[in-house]
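Coordinate analysis (summary)
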Amino acid sequence: MTKFRSSLMPIIIISSFLIFIMPVSAGIYHVFPGDDIKSIIESAEAGSTIYVHAGMYSVHGGIVTTVGNISIIGDSPYTTIIDGNGEISISISGNNSMIKNLTAQNFSSGIYITNNSIIENCISRNNLYSGIVVIGNNSIIRNCIAHDNQAADALNGGIVIDGNSNRIFNCLAYKNGGVGIYIVDGDYNSIENCTASNGVGGAGFVVNLPCENTILVNCIASNNSYFGDEGEGFSVSDHPSNSIIYCNSWGNGDEWGADLYGKSPGVGCISEDPKYTSGPLGSYYLSLGSPCIDRGYLSSEYWGLQYGYVTTNTGQCDTKRVDMGFHYPCNCSVPSLPIGKLMEILHKE
């Protein structure tokens, strides 16, 4: 299997422009439109939490901090939006940090973290290189969306990982110029319930040589191309310890990376049209006739997706065997039990 390469330009740029500011005391900060968000975050001491309230924030020179144990929390990725004017990134290079509930757009690369950190419920879009980057170990990216990131050196991507024991869970990558979700190097990583679609950089999911002990489960890759030519759905290092299970690859050309001697699909994998439809938050909901419904591994409860998440636009939670692919957030309802079943339960009580 040919190894994909990435220059990871955003990281080089970040390291070249680090700004060290004498910290103030750790604490809780509230940022509102009109406040100097950059100086507030960059001057916060380790242990601080910065709440960034709804509004559009424009920054120059990125937002860069080297201290650890920092939390940056927006109100919602649909209302807290930080625009980078084409420069650097929102970068926390200290460990044990969190970025949550915000949108990063028009940076060099959108969001960057290192070890033992979390990116949750964020959108990263329209960035020059990658949407979300993790260089380090034991970090989590969950419930995030990366789209329309240009990957200007051709092989960055929507979400990029370089490190060990990281988890990408319930994420959506679409219309990116590079690979949708890309593990450059590292072992014991996992990609779970993710969708990578309509990218033009070669593949939906890539796990490079010599990565080992990596699992992809409950994922969908669809309609990815290589700048107009056929692309790949999954291109995963063919090490015996790697696995692709309960995944769907459709419309990519080379669905499972056979041309690059990639890992063959394992148990539960299919190659069928996922039959997307539109919904309130996007275009990657599953229609009721989708073959991805109730086709994942184990129950939605096992994955923590039984309440507050949907794959269809019906407004009902995924409460049975988990659906493949990304689950949108939703104040969804749980189907009620038939009256006969309710009476049976009450009688037993």
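Thresholds, definitions, all that
Residues numbered from 1 in each chain as written. Predicted model: local features only at pLDDT ≥ 70, side-chain atom pairs only at ≥ 80, totals over all residues. Heavy atoms only, no water. Pairing = 2+ DSSP bridges. Helix = DSSP H or I, 4+ residues; strand = E, 2+ residues; numbered from the N terminus. Axes fitted to C-alpha atoms, helices over the stretch in contact; angles between N-to-C directions. Buried < 20%, exposed > 50% of the residue type's maximum accessible area, 1.4 Å probe, protein only. Polar contact = N/O pair within 3.5 Å; in protein donor to acceptor, adjacent residues only side chain to side chain. Contact = heavy atoms within 4.5 Å. Phe/Tyr/Trp six-rings, centres within 6.5 Å; stacked < 30°, edge-to-face > 60°.

Another aspect to go through is the sheet that holds strand S6 (residues 80-83). Reading across the sheet, the nine strands line up as S3-S6-S9-S12-S15-S18-S21-S24-S28 and stay open at both edges, with parallel pairing between neighbours. In this open sheet, the two strands that pair with only one neighbour each are strand S3 (55-58) and strand S28 (248-250). Here the average twist between neighbouring strands, direction ignored, is 10°. Looking at chain direction, strand S15 (residues 145-147) and strand S18 (residues 172-174) are connected through three bridges and run parallel. Residue pairing for S18: His147 is matched across the bridge by Tyr174.

Right, let's get into the side chain of Asn101. Considering the arrangement of structural elements, one finds Asn101 in the loop between strand S8 (98-100) and strand S9 (103-105). For Asn101, a relative accessible area of 13% translates into the label buried. In terms of polar contacts, Asn101 uses its side chain to reach the backbone carbonyl oxygen of Gly74, at 3.5 Å. Those residues within four positions of Asn101 in sequence are excluded, and the remaining contacts are Ile73, Gly74, Asp75, Ser76, Pro77, Thr80, Glu120, Asn121 and Cys122.

If you trace the ten strands from one edge of the open sheet to the other, you get S1-S2-S5-S8-S11-S14-S17-S20-S23-S27, paired in parallel fashion. In this open sheet, the two edge strands, each paired with only one partner strand, are strand S1 (28-31) and strand S27 (243-245). Sheet twist, expressed as the average angle between the axes of neighbouring strands with direction ignored, equals 10°. Bridge analysis of S1 against strand S2 (residues 49-52) gives four bridges, and the strand direction is parallel. Looking across to S2, one finds that Val31 is bridged to Val52.

As a further point, take the environment of Ser58. Structurally, Ser58 can be placed in strand S3. On a C-alpha basis, the gap between Ser58 and Asn106 in space is 9.8 Å, while along the polypeptide they are 48 residues apart. Contacts of Ser58, omitting those with residues within four sequence positions, involve Asp83 and Asn85.

This part covers the packing of aromatic side chains. With the rule as written, the count across this model stands at nine aromatic pairs. Between Tyr174 and Tyr284 the ring centres are 5.0 Å apart and the planes differ by 40°, which places this aromatic pair in the tilted class. Of this pair, Tyr174 sits in strand S18 while Tyr284 sits in strand S31 (residues 282-286), and the two are 110 residues apart along the sequence. Residue classification places Tyr174 among the buried positions, given a relative accessible area of 18%. Given the relative accessible area of 8%, Tyr284 is considered buried.

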